[in-house]
There are 4 protein chains.
Amino acid sequence: MQTQILERMESEVRTYSRSFPVVFTRARNARLTDENGREYIDFLAGAGTLNYGHNNPQIKQALLDYLAEDNIIHGLDFWTEAKRHYLETLEEVILKPRGLDYKVQFPGPTGTNAVEAAIRLARNAKGRHNIVTFTNGFHGVTMGALATTGNRKFREATGGVPTVGGTFLPYDGYLGDGTDTLDYFEKLLTDKSGGLDVPAGVIVETVQGEGGINACSPEWLKRLEQICRAHDILLIVDDIQAGCGRTGKFFSFEHAGVVPDIVTNSKSLSGLGLPFAQVLMRPELDAWKPGQYNGTFRGFALAFTTAAAALNHYWRDDAFERDVQRKGEVVAERFAKIAAWLGTQGIEASVRGRGLMRGIDVGTGEIADKITHQAFENGLVIETSGQDGEVVKCLCPLTITDEDLEQGLAILEESARQALS
Amino acid sequence: MQTQILERMESEVRTYSRSFPVVFTRARNARLTDENGREYIDFLAGAGTLNYGHNNPQIKQALLDYLAEDNIIHGLDFWTEAKRHYLETLEEVILKPRGLDYKVQFPGPTGTNAVEAAIRLARNAKGRHNIVTFTNGFHGVTMGALATTGNRKFREATGGVPTVGGTFLPYDGYLGDGTDTLDYFEKLLTDKSGGLDVPAGVIVETVQGEGGINACSPEWLKRLEQICRAHDILLIVDDIQAGCGRTGKFFSFEHAGVVPDIVTNSKSLSGLGLPFAQVLMRPELDAWKPGQYNGTFRGFALAFTTAAAALNHYWRDDAFERDVQRKGEVVAERFAKIAAWLGTQGIEASVRGRGLMRGIDVGTGEIADKITHQAFENGLVIETSGQDGEVVKCLCPLTITDEDLEQGLAILEESARQALS
Amino acid sequence: MQTQILERMESEVRTYSRSFPVVFTRARNARLTDENGREYIDFLAGAGTLNYGHNNPQIKQALLDYLAEDNIIHGLDFWTEAKRHYLETLEEVILKPRGLDYKVQFPGPTGTNAVEAAIRLARNAKGRHNIVTFTNGFHGVTMGALATTGNRKFREATGGVPTVGGTFLPYDGYLGDGTDTLDYFEKLLTDKSGGLDVPAGVIVETVQGEGGINACSPEWLKRLEQICRAHDILLIVDDIQAGCGRTGKFFSFEHAGVVPDIVTNSKSLSGLGLPFAQVLMRPELDAWKPGQYNGTFRGFALAFTTAAAALNHYWRDDAFERDVQRKGEVVAERFAKIAAWLGTQGIEASVRGRGLMRGIDVGTGEIADKITHQAFENGLVIETSGQDGEVVKCLCPLTITDEDLEQGLAILEESARQALS
Amino acid sequence: MQTQILERMESEVRTYSRSFPVVFTRARNARLTDENGREYIDFLAGAGTLNYGHNNPQIKQALLDYLAEDNIIHGLDFWTEAKRHYLETLEEVILKPRGLDYKVQFPGPTGTNAVEAAIRLARNAKGRHNIVTFTNGFHGVTMGALATTGNRKFREATGGVPTVGGTFLPYDGYLGDGTDTLDYFEKLLTDKSGGLDVPAGVIVETVQGEGGINACSPEWLKRLEQICRAHDILLIVDDIQAGCGRTGKFFSFEHAGVVPDIVTNSKSLSGLGLPFAQVLMRPELDAWKPGQYNGTFRGFALAFTTAAAALNHYWRDDAFERDVQRKGEVVAERFAKIAAWLGTQGIEASVRGRGLMRGIDVGTGEIADKITHQAFENGLVIETSGQDGEVVKCLCPLTITDEDLEQGLAILEESARQALS
């Protein structure tokens, strides 16, 4: 493989090409192929961007059909047929059946753009600057979003500019079993000298993707919603990684029965890996003035098209949801088995997650790296997450075949044994 | 046209659909078609994103060829064939012939992401937090980039969080003829109590797109480079709108013979309107640690593919550059004629710009709106810019046919007469 | 009493004159006299500024002696005899006997100035911007200090400028019995994505004066010191209110046997109520460059003089300390009795504090106000503190006579009965 | 002289004791005496704090009278007889005769405290965060005030926390003769994308003390007031150094006939060098809620007392003003003579200032240091100011005798000759 030019010209900031130092060329559903023709099972799926697999045929066909004529590709924030079709589909397939009433903002087509817009919207709506976020939360790295992202790797790379406007509180479980971390939040809210500036909003992932596949309990999320309502604070669910079916529901917050004031989506939203993002907001929050938040790629019509295709194909009934949940259980069981075996090797391991967003916490990044490096040797692309990279994370395509899922899990299990025996 | 769902579901933040309240469907080169089959000449070109026109056939063919097989579409920041091909092309077609030696970072695929990365890189490299930017500069709206963007519309919509880390200084010409605004910058740099925190970098557009098509003189830019060198400050040229040939050279700074330390590109970089952005940096500045700046859509292979196609097709010799310069003169002459006519109507007007980035300053946003609204009635999509929207701006595709260019200019001239007689 | 001009000319920001709306004229030790000749027992003592009583005769004599000749009164930061005498006394009487080795900075003569200097020193020493502070902490209201002050009254009055550089963590006891709040701090320090920017320093009051007379346990403070040492974080004890003998030791941290890296003193430091402040720092931390922190009143020689007199008169042996501790027990017992009686009235009350810094938490500010208003009617000046003003606070002069202490306590007890029966 | 303990125990931040490395003991009017009995003429006067001289007999007598009985010394912000007397005097002697109607806030007794209160008041009044300040302005070093202070020595010593909320614009004369710097301010105010956040207030010194004795012209200040009025911006005059008669009027802005919305005073306000500060505000701006800005030493009754004595003794008629103006002319003439002589030595020098706030700009700090070091050898205490310390500055007591003034000027002239011949 020719990698010299990549090593020479690409900035040192590159990261995945260090863990998986091959040149990938082809990909289909849950399979990646490198330049030498070697195949890999993909348990990473674009970090949750390819929920419907690589080169999903139905979605891709919609793209090709659209490209077959001279349809608008880039349309700023013009009204286009593609945008209208997407909005109609979103309303009909997703929002109405769930009883949700949201307006939609298309910010720049990345998650961090959506988060910047969401928190700015909350601040403007409430006239307060503070946004509460949680330990191990990840919401993007542009400076506004970074104020809500816990990872020091990014926070310490701002060249000495402290972030402004975010306050971290302990996520569900952070203070150990038996402590409801929301007690602390509630106490701070009512304490006039606790140091908490009353927040405009709370931003939360229901399952923390980068933070280590920590899933908050439905009860905790429900209580968080109640606290927000009681104190006139907006609840923002960042569903960029956990949304679009990843947890077994289209929106990850459906499990808890909460209705956020604001929702951010991106990653798998376009269905085919195209950059795309949206902010959903309760209509009464839409206090934007025309053009107050902008960006060049707000009207990327190819993504509208593929996103609509994904919704139409997978979300008109609950078959897909149920299938994801079923596969999620398969992963959960196998992960539990691997964790149990690790226990026999003196490695305290635990499993976590929801739907097809699952992790095994193996205690240290060093052990997790051993496993995932071995897995890559054995033909499985799988990543770690968590504050020390201590969680081996399964984010396979939701559309993965049972055979590939089984093969991937088998490789993982075998790799753990090889790496740690 | 059915616009109810668009009006109902899309956030009030929408802006272009207010100026051009039709539903666009098709587009080819410099022509847009709406749902009713009406055609428009496009002098907006995706706000500079469609330098090669809508549905550029060569670039689109490259996309279709790529999609014809199951090539990687989304690849995080994996090494992919598409990325390698793009880097090879960039080096061979653009960098080497210009004697430029840059490393490349792919941040999130939007301009504001590139700016956030660029200024953070500068801060980390120099260990200073301040970035000097200029009056009427626009560099994006995420919180880091916003610190360098002058427009109050955005700056006042942050929900009360002041931006941190940017200092505005007067752009070339801002203090009137006869005053070199860099005298002020140089004085502040040497003044230990002038209040200017020594900056890590200076970010500048050589022609300010959103700010009103203000073009700094080559001499001013050259002196700015010298001041930066003398004071160990990095020169960042934000070539997101003015780059990719818009001014008649691939990089807008080529006119002045300067070599920036850092360059940002986006908008027309992908050639077909796909979200894409890059940061170019002198190799010795590449102090990023792996993963210190990230984003999901850093490896959008479709954009690598179309971007490489654009470079290959248009930039292997200077024919395209010369053609843009020629058309630029056509626009400049016609704009001068229109400005002269406006003068006869008691409206003091002036022309400005470089290459195919041209504007007529008609004094007020009100007058400019009258002209552009009339133009839209007459079949021309054209935008205003400047602090009050007082500049009618031509950003037509660089590939526009001479006939369409002439027709567009004729519509504009006629519209001005209709609107203001 | 003539109060019209006071009401007309003084800003609405005035506060104590609302609780005690009389014009005071004379004062001696623990007794205040108003314009009508009415006497009050003073359990407020200048909010802890008059530990040695009003018009302390020994200290005042030193002032008069100094004024008897044309000695320097204001000396910028010149070397003066008065400063030298103070430093010699501080070293001999306070530092050496306690085995402390500190250098001394005289910032502006107010507590907030000392805190601004202390946290800046910590930031410069460690090259990190963050300062950890605690719920209900009060460290001043200038913008740097305010980042570490929890009270919303001040935090919400900044005109929309968020404070930068402080992170609040739960103080000892904040999460209820059985939870060591330092577990959370320690977890955040080792968690790379917990959102805690590694702090330069921790600033803490050993007894929170404005926050409600919350006294951290010696064990907690000791553990805090250990955590700081383990993570290369500076321990800053803000001893502005709790220092100068208030808790029964000269420095409040002596109870726990810790040695802070930086200490701030003000309030009672001058001994006579004159503005004065100092920052003590371990010598190796003194990385200030000449003049990097300044202020006009750094060399207020009258305060040097009275401060030295106070040290000489009260701190050459442990008699004064023991006397304060003894009186503290008297207050504690009486407060317990009052709290018990409140319990019989259905008001859950608890006592807290250390030395002569004692409080009764009566649950709500409303109840506390009833008691203190009645007390003022009955001839006792006493204040509330805490987030809702729910803590009735005794900060009487340490030099109060046993008779006045008994009388004050009797008034308080009687006032509670009158107000709440 | 014994200086070991001072050198050992005092922080390296000390500064004046480096320029004047003697131990001062006595002082009277414009004369300082060191421990060895050597006398110096004092052209520094506590950096403008001792306008009425050291140990001013009338003012000191008022202090001694007050101390003769057990009057309140420290009174938080209680109503006291001393405060009432001061307010009555301020109104009668200063405000009424000048037709000024201000309410008074007593912040902490330092200039930086007054500035923090003033800018916070402006922000709260206008609901905007930005404060415009000027090149070479000095307004204090606590973090809020520091946002308006230009000196890098302080700005770079914040441990990496950027200041928030201040924007520097060029002071009168900064862009050279023939450029009215307010044109730039006015242009920025009307430019919607110039990057200037519409300010709540403008803070300005009419003569910049630390910045180099730059005196703005009355016309410039008048225009600044008009711009503020036209744009609903508050005009804050920081009269901490230039006020209390220093320029030949009680308030320095009287020369220009402007009426600021907010005024800050400190330094010479107490008359005897005691820490004291006030904020004057138009009554309708007094939107403070009780206790929203606080501080321990707001009610330092000794300072109220001496301040009232100073007003009573010096400001009941215009004799003192005229005397200051007369002496100011004496200094101005002598300075011009010295500057002329410097010109003969090839040193381009110029004079500047107003009243008894005068400077000679000798071009570099190195030359200025030579002169002032020689002057100290010759018995004159005199300081430099300006961004490089290039301005030799006369801030002698306003009460200096003609003989001492002549002697001081003679020493200065002779010292310049000795140092530079």
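Look above for the structure.
Residues numbered from 1 in each chain as written. Chains lettered and ligands numbered in written order. Predicted model: local features only at pLDDT ≥ 70, side-chain atom pairs only at ≥ 80, totals over all residues. Heavy atoms only, no water.

## Considerations on the overall build of chain A
For step 1, the next point in the chain: If you tally the helices and strands in chain A, you get 14 helices and 18 strands.
For step 2, the next point in the chain: In summary, chain A has a C-alpha radius of gyration of 21 Å against a globular reference of 22 Å for 421 residues, a match within 12%.
For step 3, the next point in the chain: In terms of overall dimensions, chain A has a C-alpha envelope of 60 × 55 × 45 Å along the principal axes.
For step 4, the next point in the chain: Sorting the 421 residues of chain A into buried and exposed places 69% on the buried side.
For step 5, the next point in the chain: Taking contacts inside chain A between residues at least 6 apart in sequence as the whole, the part at least 24 apart equals 74%.
For step 6, the next point in the chain: Total accessible area on chain A is roughly 12100 Å²; 45% of this is exposed by carbon and sulfur atoms.
For step 7, the next point in the chain: Side-chain charges of chain A comprise 43 positive and 56 negative groups, with the mean position of each set lying 3 Å from the other. (Helix = DSSP H or I, 4+ residues; strand = E, 2+ residues; numbered from the N terminus. Rg over C-alpha atoms; globule rule 2.2 N^0.38 Å. Buried < 20%, exposed > 50% of the residue type's maximum accessible area, 1.4 Å probe, protein only. Contact = heavy atoms within 4.5 Å. Areas by Shrake-Rupley, 256 points an atom, 1.4 Å probe, with all protein chains shown as cover. Lys, Arg positive; Asp, Glu negative; His and termini not counted. Charge placed at Lys NZ, Arg CZ, Asp CG, Glu CD.)

## Brief notes about the packing of helix α12 (residues 319–344) of chain B against helix α14 (residues 402–420) of chain B
Residue and element names in this part refer to chain B.
For step 1, the next point in the chain: Two numbers describe how α12 lies on α14: the axes approach to 11 Å, and their chain directions differ by 10 degrees. Judged by the inter-axis angle, α12 sits roughly parallel to α14. The interaxial crossing formed by α12 with α14 has right-handed handedness. In this structure, α12 contributes R326, K327, V330, V331, R334, F335, K337, I338, W341 and L342 to the contact, and α14 contributes D402, L405, E406, L409, A410, L412, E413, A416, R417 and L420. (Axes fitted to C-alpha atoms, helices over the stretch in contact; angles between N-to-C directions. Parallel < 35°, antiparallel > 145°, perpendicular 65-115°, else oblique. Left-handed = near helix turned anticlockwise from the far one by under 90°.)

## As for the relation of the copies chain D and chain C
Each of the two chain copies can be brought onto the other by rotation about an axis and movement along it.
For step 1, the next point in the chain: With an RMSD of 0.0 Å, the fit of chain D onto chain C corresponds to turning through 180 degrees and sliding 0.0 Å along the axis. Both chain copies can therefore be described as sitting about a two-fold axis. No C-alpha of chain D lies nearer the rotation axis than that of M143 of chain D, which sits 2.6 Å from it.
For step 2, the next point in the chain: Same-surface contact between copies: 99% of interface residues of chain D are shared with the interface of chain C. (Least-squares fit on C-alpha atoms with pLDDT ≥ 70 in both.)

## So, the pairing of strand β13 (residues 278–281) of chain A
Consecutive side chains of a regular strand alternate in pointing toward one face of the sheet and then the other.
All names here are of chain A.
For step 1, the next point in the chain: A two-sided burial pattern is seen for β13, the buried positions comprising Q278 and L280 on one face and V279 and M281 on the other.
For step 2, the next point in the chain: Looking at chain direction, strand β5 (residues 103–105) and β13 are connected through 3 bridges and run antiparallel. Across the sheet, V104 pairs through a bridge with L280, a residue of β13.
For step 3, the next point in the chain: With 4 bridges joining them, strand β12 (residues 262–265) and β13 adopt antiparallel strand pairing. (Pairing = 2+ DSSP bridges.)

## Comments concerning the interface of chain D and chain C
For step 1, the next point in the chain: Taken together, the contacts link 108 residues of chain D with 107 residues of chain C.
For step 2, the next point in the chain: At the boundary of chain D with chain C, total buried surface from both sides reaches about 9900 Å², with 62% on carbon and sulfur atoms.
For step 3, the next point in the chain: Where chain D packs against chain C, one counts 14 salt bridges.
For step 4, the next point in the chain: For E35 of chain C, the salt bridge identified is with R84 of chain D, shortest N-O distance 2.2 Å.
For step 5, the next point in the chain: Inspection of the chain D/chain C interface yields 59 residue pairs in polar contact (both at pLDDT 80 or more). (Buried area = accessible area lost by both parts, 1.4 Å probe. Salt bridge = Lys/Arg side-chain N within 4 Å of Asp/Glu carboxyl O. Polar contact = N/O pair within 3.5 Å; in protein donor to acceptor, adjacent residues only side chain to side chain.)

## Concerning the relation of the copies chain B and chain A
For step 1, the next point in the chain: Superposing chain B onto chain A requires a rotation of 180 degrees together with a translation of 0.0 Å along the rotation axis, leaving an RMSD of 0.0 Å.
For step 2, the next point in the chain: When the interface residues of chain B are mapped onto chain A, 100% of them again lie at the interface, so the same face is used by both copies.

## Here's the deal with the sheet that holds strand β15 (residues 357–361) of chain B
All names here are of chain B.
For step 1, the next point in the chain: If you walk across this open sheet you meet the 4 strands as β14-β15-β18-β17, and the pairing is antiparallel. Edge strands, defined here as strands with exactly one partner in the open sheet, are β14 (350–354) and β17 (383–385). Between one strand axis and the next, the sheet turns by 30 degrees as a mean value, whatever way the strands run.
For step 2, the next point in the chain: Across 4 bridges, the pairing between β15 and strand β18 (residues 391–394) is antiparallel. When the bridges of β18 are listed, I360 appears paired with V392.
For step 3, the next point in the chain: Running over the sheet, helix α13 (residues 365–377) touches β17 and β18 and is turned about 165 degrees from β17.

## Describing the pairing of strand β6 (residues 131–134) of chain B
All names here are of chain B.
For step 1, the next point in the chain: Side chains of β6 alternate between two faces, with I131 and T133 and V132 and F134 buried alike.
For step 2, the next point in the chain: Where β6 meets strand β8 (residues 201–204), 2 bridges bridge the pair, whose relative direction is parallel. Among the inter-strand pairings, V132 is bridged to a residue of β8, identified as V202.
For step 3, the next point in the chain: Across 4 bridges, the pairing between β6 and strand β7 (residues 166–169) is parallel.

## Digging into the interface of chain B and chain A
For step 1, the next point in the chain: The partner chain A presents 108 residues to the 108 residues of chain B that form the contact.
For step 2, the next point in the chain: Between chain B and chain A the total buried area reaches about 9900 Å² when both faces are included, carbon and sulfur atoms providing 62% of it.
For step 3, the next point in the chain: In this structure, the salt-bridge partner of D70 of chain B is K60 of chain A, at a minimum N-O distance of 3.5 Å.
For step 4, the next point in the chain: One can count 58 residue pairs in polar contact (both at pLDDT 80 or more) joining chain B with chain A.

## Some words on the sheet that holds strand β2 (residues 31–34) of chain B
For step 1, the next point in the chain: If you trace the 5 strands from one edge of the open sheet to the other, you get β4(A)-β1(B)-β2(B)-β3(B)-β16(B), paired in mixed fashion. Strands with a single pairing partner mark the edges of an open sheet, and in this sheet they are β4 (79–80) of chain A together with β16 (380–381) of chain B.
For step 2, the next point in the chain: Two strands pair when backbone bridges link them, and strand β3 (residues 39–42) of chain B and β16 of chain B are joined in this way by 2 bridges, in the parallel orientation. Looking at β16 of chain B, one finds that I41 of chain B is bridged to L380 of chain B.

## Considerations on the environment of D238 of chain B
Residue and element names in this part refer to chain B.
For step 1, the next point in the chain: Within the secondary structure, D238 is located in strand β11 (residues 234–238).
For step 2, the next point in the chain: Residue classification places D238 among the buried residues on the basis of a relative accessible area of 4%.
For step 3, the next point in the chain: Separated by 49 residues in sequence, D238 and A287 place their C-alpha atoms 20 Å apart.
For step 4, the next point in the chain: Those residues in contact with D238 that lie beyond four places of it in its chain are V115, F138, H139, I203, V204, E205 and T264.
For step 5, the next point in the chain: A polar contact is formed between the side chain of D238 and the side chain of H139, at a distance of 2.7 Å.

## Observations concerning the packing of helix α5 (residues 81–95) of chain B against helix α11 (residues 301–314) of chain B
Residue and element names in this part refer to chain B.
For step 1, the next point in the chain: Remark: α5 packs on α11, axes separated minimally by 8 Å, with the N-to-C direction vectors making an angle of 25 degrees. One finds that α5 runs roughly parallel with respect to α11. As for the relative orientation of α5 and α11, their crossing is left-handed in sense. From α5, A82, K83, H85, Y86, T89, L90, V93 and I94 reach across to α11, where they touch A301, F304, T305, A307, A308, L311 and N312.

## A short note on the packing of aromatic side chains
For step 1, the next point in the chain: This model, assessed by the stated rule, comprises 104 aromatic pairs over all chains.
For step 2, the next point in the chain: By way of ring pairs, the aromatic residues Y52, F250, F251, F253, Y314, W315 and F320 of chain A are connected into one cluster.
For step 3, the next point in the chain: Residue placement shows K187 of chain A over the ring face of Y174 of chain C; its charged tip is 4.5 Å from the ring centre. (Phe/Tyr/Trp six-rings, centres within 6.5 Å; stacked < 30°, edge-to-face > 60°. Lys NZ or Arg CZ within 6 Å of the ring centre and 35° of its normal.)

## A closer look at the environment of P260 of chain C
Residue and element names in this part refer to chain C.
For step 1, the next point in the chain: Mapped onto the secondary structure, P260 falls in the loop between β11 (234–238) and β12 (262–265).
For step 2, the next point in the chain: Residues P260 and V237, 23 residues apart in the sequence, show an inter-C-alpha distance of 6.2 Å.
For step 3, the next point in the chain: Leave out the neighbours within four places in its chain, and P260 touches Y102, L235, V237, F253 and R282.

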